[in-house]
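Observations on the three-dimensional arrangement
Spelled out, the chains give:
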Amino acid sequence: MLKQITSVRVSFCPFSPASTSSTVFLNRIYSKKNQAANPTCKIDVHTTAFSKDPSVIDVTFKDGHKFHINAAELTGDDIIAQVSKYSKRLSQQEDLQ
């Protein structure tokens, strides 16, 4: 999944129930397999102490496209699915060229 991604920024309050999807997403992208696929991907994690701060994930792809995801509105699996879907599309375009 990280092969087509240049940077990821995750901002959340670890004590908020709304941060569950953010932590699930982080656990998935920090896997050894993903890290090996793109060791140059910049992953920035910003934690806050205020539970009312929004849980936000920003993903930048190789083609410059950016996803701004409100993680409180989606499950971790939904976020992974959205990011993976776009990553696969970029991989397919890359393979055709």
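Preceding this section is the structure that the text describes.
How each quantity is defined
The residue count restarts for each chain, going from 1 along the sequence in the order it is written. Selection of residues for local features in this predicted model requires a pLDDT of at least 70, selection of side-chain atom pairs for listing and counting requires 80 or more, and totals for whole chains, interfaces and linings are taken over all residues. Hydrogens are left out, water is left out, and the side-chain values use all remaining heavy atoms of the structure. When DSSP finds two or more bridges between two strands, those strands count as paired. Labels follow the DSSP assignment, with helices taken as runs of H or I lasting at least four residues and strands as runs of E lasting at least two, numbered in each case from the N terminus. To get an axis, fit a line to the C-alpha atoms, keeping to the stretch in contact for a helix; angles then go from 0 to 180 degrees between the N-to-C directions. Any two residues having at least one pair of non-hydrogen atoms within 4.5 Å are treated as being in contact. The nonpolar core is taken to be a set of buried Ala, Val, Leu, Ile, Met, Phe, Trp, Tyr and Cys residues, with the residues joined through side-chain atoms within 4.5 Å. Relative accessible area decides the class of each residue, using a 1.4 Å probe on protein chains only: under 20% of the type maximum gives buried, over 50% gives exposed, and in between gives partly exposed.

Notes on the sheet that holds strand β3 (residues 56-61)
- Read across the sheet, 4 strands follow the order β2-β1-β3-β4 without closing on themselves; strand pairing throughout is mixed. Every interior strand has two partners, whereas the edge strands, β2 (42-47) and β4 (66-70), have only one. Neighbouring strand axes in the sheet, compared pairwise and without regard to direction, differ in orientation by 10° on average.
- As paired strands, strand β1 (residues 5-12) and β2 are joined by 6 bridges and run parallel to one another. Within the sheet, the bridge partner assigned to V8 lies in β2 and is I43.
- Docked against the sheet, helix α1 (residues 20-29) engages β1, β2 and β3, running at close to 145° with respect to β1.

A closer look at the nonpolar core
- Ranked by size, the top nonpolar core spans 21 residues in total, and within it I5, V8, F25, I57, V59, F61 and V83 carry the most contacts.
- Sorting the residues of this core by element identifies β1, α1, β3, β4 and α3 (76-96) as the ones contributing at least two each.
- Take this core: its biggest share by element is 5 residues, from α3.
- With residues near it in sequence (within four places) discarded, V59 still touches I5, S7, F25, H65, K66, F67 and V83.

Structural notes on the pairing of β3
- In terms of burial, β3 is largely enclosed, as 5 of its 6 residues are buried.
- Pairing between β1 and β3: 6 bridges, direction antiparallel. Each residue of the ladder has a partner; that of S7, found in β3, is T60.
- Count of turn residues in the β3/β4 antiparallel hairpin: 4 residues, of which G64 carries a positive phi of about 95°.

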